[in-house]
Amino acid sequence: LDAVSGLMILINGLTIGIGEDVDWGGMQWLEAVFTLFFTFELLTKMIVNGCKDTLFGPEWKWNWFDGVVVTLALFDFGVTRLQDGSAFGSVSFLRLARLARLTRLMRLLRVLRLRIFKELMLMVKGVIAGLRTLLWAIVLLMMIIYAISVFLRQTVGTEGIEIGDKYDTVLFDSVDSTMFMVFRLCLSD
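Now for a quick tour of the structure. Quick caveat: nothing in here was measured; it's all calculated off a predicted structure.

Here's the deal with empty space enclosed by the protein
Then comes step 1: Taken as a whole and judged by the stated rule, the model has two cavities of 30 Å³ or more.
Then comes step 2: Along its surface, the largest cavity is lined by Gln28, Glu31, Thr35, Ala73, Asp76, Phe77, Thr80, Arg81 and Arg104.
Then comes step 3: Counting residues per element, the ones that place at least two in the lining of the largest cavity are α2 (27–49) and α4 (60–85).
Then comes step 4: Looking at the lining of the largest cavity, the element that brings in the most residues is α4, giving five residues.
Then comes step 5: Looking at the lining of the largest cavity residue by residue, the class counts come to two nonpolar, three polar and four charged.
Then comes step 6: Considering only enclosed or pocket space, the second largest cavity measures out at about 40 Å³ in volume.
Then comes step 7: Lining of the second largest cavity is provided by Asp2, Ser5, Gly6, Ile9, Arg110, Val111, Arg113 and Leu114.
Then comes step 8: Of the residues assigned to the lining of the second largest cavity, the class counts are three nonpolar, two polar and three charged.

A word on the packing of helix α1 (residues 2–21) against α2
Then comes step 1: Close contact between α1 and α2 brings their axes to 11 Å; oriented N to C, the two are set at 155°. When the interaxial angle is binned, α1 and α2 end up roughly antiparallel. Note on packing geometry: the crossing formed by α1 with α2 is left-handed. Facing Val4, Ser5, Met8, Ile9, Ile11, Asn12, Thr15 and Gly19 of α1, the residues of α2 in contact are Met27, Leu30, Phe34, Phe37, Phe38 and Glu41.

Observations regarding helix α6 (residues 118–155)
Then comes step 1: In a regular helix each residue adds 1.5 Å, so 38 residues correspond to 56 Å; α6 covers 55 Å between its end C-alpha atoms and thus fits that length.
Then comes step 2: Of the surrounding elements, those touching the buried residues of α6 are α7 (175–186).

Some remarks on a nonpolar patch on the surface
Then comes step 1: Together, Val127, Ile128, Leu131, Leu134, Ile138, Leu141 and Met142 make up a nonpolar patch on the protein surface, roughly 620 Å² of accessible area in all.
Then comes step 2: We classify Met142 as partly exposed; its relative accessible area is 33%.

So, how was this worked out
Residues numbered from 1 in each chain as written. Predicted model: local features only at pLDDT ≥ 70, side-chain atom pairs only at ≥ 80, totals over all residues. Heavy atoms only, no water. 1 Å grid on protein atoms, 1.4 Å probe; cavity = no way out; pocket = protein on both sides within 12 Å on 5 of 7 lines; lining within 4 Å. Points joined across faces, edges and corners; volume = space filled by probe spheres on them. Helix = DSSP H or I, 4+ residues; strand = E, 2+ residues; numbered from the N terminus. Nonpolar A, V, L, I, M, F, W, Y, C, P; charged D, E, K, R; others polar. Axes fitted to C-alpha atoms, helices over the stretch in contact; angles between N-to-C directions. Parallel < 35°, antiparallel > 145°, perpendicular 65-115°, else oblique. Left-handed = near helix turned anticlockwise from the far one by under 90°. Contact = heavy atoms within 4.5 Å. Expected span 1.5 Å × (residues − 1). Patch = residues over 30% accessible without salt bridge, like charges linked within 9 Å, V, L, I, M, F, W, Y side chains within 5 Å. Areas by Shrake-Rupley, 256 points an atom, 1.4 Å probe, with all protein chains shown as cover. Salt bridge = Lys/Arg side-chain N within 4 Å of Asp/Glu carboxyl O. Buried < 20%, exposed > 50% of the residue type's maximum accessible area, 1.4 Å probe, protein only.

So, in structure tokens, the structure goes:
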């Protein structure tokens with residue numbers, strides 16, 4: 001069942017992307033087929049494994065995730081049918097329905113738990129672990145840029161040097177504009 005579910009998730013992800021560019025009337029029914037499949041899959045898990053093991057067993061995080069995504073997909077399907085049949089005018093309600101529609105892409109995360117994607121999952125974990133180091137590298141870079149900017153502001157910025165461009169730009173006239181200039185210099189812009 002996991003392999004079939006993984007394949008359906010990948011196909012669903014592709015159809016979501018295609019559906020944004022192609023205006024085809026059958027797309028809403030194709031979405032309904034996917035929603036029914038994932039609802040059936042969740043109900044099958046609950047019947048086979050029992051409600052207690054499904055909701056509180058070793059895979060409880062993924063099962064709750066599946067439940068939330070399926071519930072939002074059902075909500076989206078219902079709102080879309082109501083919107084087609086009547087004058088639904090509430091903008092905030094339609095935004096909420098659009099947000100529920102976007103959560104269908106979160107199903108792609110479920111594919112990561114399949115054995116075939118073990119290496120991909122390791123890469124994702126590595127990227128997430130590296131984000132902390134990247135954050136500190138950005139903080140260090142900003143501290144260096146700030147120190148250079150204050151130095152430039154105190155030394156050269158007091159002269160009021162103009163570049164002579166069409167904007168009459170004054171070099172190093174404030175710390176924030178100096179930080180922006182130093183940042184652009186770091187990027188060779």
